[in-house]
Amino acid sequence: MLLGLIHADAGRGRFGGQRYEDLSHPSAQVGVVLEDASFHPGRTGRNHLRVLAAAGRHPDERVDEVLERVGLTPAADRRVKGYSMGMRQRLAIAVALLGDPRVLILDEPANGLDPPGIRWMRDLLRSEAARGSAVLVSSHLLSEVAQSVDDVVVIAGGALRANGPLEQVLGGGAGPVTRVRAAEPQRLGSILSDQGIRADSDAAGALIARGVTPDRVGKLAADHGLALIELVAVSRSLEEAFLDLTADPS
Amino acid sequence: MSALLRAEVLKLRTTRTFLALAGLAVGTSLLITTLVSLLTEPTGDSVLTDVFTSDTSSLFILVLAVVGISGEWRHRTITSSLLAEPDRLRFLAAKTLAFAVAGLLLSLAISLSVAVVGFIVLGLRDLPTPGLGELATQVGHNASVAMLLGAFGVGVGALVRNQVVAVVGLLVLAFVVEPVLIGLAPEVFRYAPFVALPTAASDISAGDSGLGGVDLLAPGLAVLAMLGWIAAAFAAGAALLRARDLD
């Protein structure tokens, strides 16, 4: 819907205030990898990119550049029907990168990639984000996503369930959670309570402080000359957070 | 539009289907020309029609255009095409132009080949050959018909997503339905787009094309009528394409 491929019942998605269909040079502004990226089986990888480079008004040199970037140069002149799933996925990523866009939208980008390929893809996305691009990844591989994203949006049943930095979403509504053990647990409990931080003891005698990061707890303890034995951030996995957020209330 | 046109022409050049069917079109045209010029005794009046109108480009470009647009759905490349050019009307217009250009080039290539072979064989048999002026006029007619059918094929193909249904339907319409309808009501179906109008636009007489008894339109009128068919097919195809979800 965001890309104008499916008609929306209501609402609109915009890029910099414009619908995708209205962008003056769409493939130079938004790069897209769809889950079921398809290619003409009889066309070579290079020719597939040449066609889309021509349609997107990108120079032919970009074809060689993106082929190199996704590691497909040696297979560029083979017909796509001989490509593995991973090679097809790399070709789809090359298409997305053709116009050197500042926005990347990737639907299940790790599909078909082997472990080194997944790591390559993760590094690629991080490098794109590091140079200022917005990278939107839609995926069901939550453990994979958790390793590479800054912010998470959880949508279920057509409704927004959570939206924010990864740590915040993992921490639930209370924000970050810290597990801390101190030489004087009662005194630490008082210090945290004085700061308005809610902390409960667990079975092992450690305090579980909610809405506070380990950094802050450590600093408070240091300010009061209190020795700490353990200080660690507690978080749910993204999968646990997703299941909690999307659970049917009934 | 020129970038899109270039992309569509590249699509044609980079698959074997186009090259194979274009080769087949040249081959069949040459075969017909060779056989006719070897086995018949054309007169000075009939040689142009008998030997130099065996240009099969119109049929092949029609099939290629239908394959070209329906192949976008078959191979699901329609998604990447419309991500590169989200304006579906411009996309379809570029494809229509590309197949018109392809029809023109294919027809010219066939005409050149047919002319070379026809002149050689007829010369060897010491039979009359057409004047270059009238041959050039016929080549122009053939090329314009191929252009029109290339454009028409894209509009027709845009109406049917399934490639097999599209191609088989096209062949049935062209070889079965339209000839039968022309036989039943020639005054109405002389405006039909697959056989009657292309024959008229090629300036080939009804008798020479197996449409004896049909009062074909003049070539200029036939071209105008074909343009009307192209506009109608394009409008219907564009409306359908714009309404479709690419799920």
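Taken together, the contacts link 27 residues of chain A with 26 residues of chain B. Summing the contributions of chain A and of chain B, the shared interface buries around 2400 Å²; its carbon and sulfur component is 59%. Considering only the side of chain A, the residues that lose the most area to chain B are L5, H7 and R43 of chain A, jointly responsible for 22% of the buried surface there. Linking chain A to chain B there are one salt bridge. D60 of chain A is the salt-bridge partner of R6 of chain B, the closest N and O atoms lying 3.3 Å from each other. Across the contact surface, chain A and chain B share nine residue pairs in polar contact (both at pLDDT 80 or more). With seven residues, helix α2 (residues 45-55) of chain A is the largest single contributor of residues to the side of chain A that touches chain B. Residues that form the side of chain A that touches chain B fall into these classes: 13 nonpolar, seven polar and seven charged.

The next thing to look at is the confidence of the model for chain B. Here chain B shows a mean pLDDT of 89. Residues at 70 or above account for 100%. Prediction confidence for the complex, expressed as pTM and ipTM, is 0.82 and 0.85 respectively.

Residue and element names in this part refer to chain A. Every buried residue of helix α8 (residues 185-194) is listed here: L188, I191 and L192. All buried residues of α8 fall inside an arc of 95° around its axis, so they share one side. More than 90 degrees from the buried face of α8, the exposed residues found are Q186 and D194. Looking one or two residues past α8, G196 carries a phi angle of roughly 80°, positive in sign.

Phi is positive for D126 of chain B, close to 60°, though the residue is something other than glycine. Summarising the element assignment, D126 of chain B is placed in the loop between α6 (88-124) and α7 (132-157).

Attention shifts here to the sheet that holds strand β9 (residues 228-234) of chain A. Residues and elements named next belong to chain A. The strand order β7-β8-β6-β9 describes an open sheet built from four strands, whose pairing is antiparallel. Strands with a single pairing partner mark the edges of an open sheet, and in this sheet they are β7 (199-201) and β9. The mean inter-strand angle of the sheet, taken between neighbouring strand axes irrespective of direction, is 20°. Sheet strands touched by helix α9 (residues 214-223): β6 (177-182) and β9. Its angle to β9, the strand with the most contacts, is close to 160°.

All names here are of chain B. Within the structure shown, the criterion is met by three cavities of 30 Å³ or more. Volume-wise, the largest cavity comes out at about 60 Å³. Forming the boundary of the largest cavity are F52, D55, I110, S111, V114, A115, L135, Q138, V139 and N142. Secondary-structure elements contributing two or more residues to the lining of the largest cavity are α6 and α7. Here the residues of the lining of the largest cavity sort into six nonpolar, three polar and one charged. Reported here for the second largest cavity is a volume of approximately 50 Å³.

The rules behind these values
- Residues numbered from 1 in each chain as written.
- Chains lettered and ligands numbered in written order.
- Predicted model: local features only at pLDDT ≥ 70, side-chain atom pairs only at ≥ 80, totals over all residues.
- Heavy atoms only, no water.
- Contact = heavy atoms within 4.5 Å.
- Buried area = accessible area lost by both parts, 1.4 Å probe.
- Salt bridge = Lys/Arg side-chain N within 4 Å of Asp/Glu carboxyl O.
- Polar contact = N/O pair within 3.5 Å; in protein donor to acceptor, adjacent residues only side chain to side chain.
- Helix = DSSP H or I, 4+ residues; strand = E, 2+ residues; numbered from the N terminus.
- Nonpolar A, V, L, I, M, F, W, Y, C, P; charged D, E, K, R; others polar.
- pLDDT = per-residue confidence, 0-100.
- Buried < 20%, exposed > 50% of the residue type's maximum accessible area, 1.4 Å probe, protein only.
- Arc of directions from axis to C-beta.
- Pairing = 2+ DSSP bridges.
- Axes fitted to C-alpha atoms, helices over the stretch in contact; angles between N-to-C directions.
- 1 Å grid on protein atoms, 1.4 Å probe; cavity = no way out; pocket = protein on both sides within 12 Å on 5 of 7 lines; lining within 4 Å.
- Points joined across faces, edges and corners; volume = space filled by probe spheres on them.

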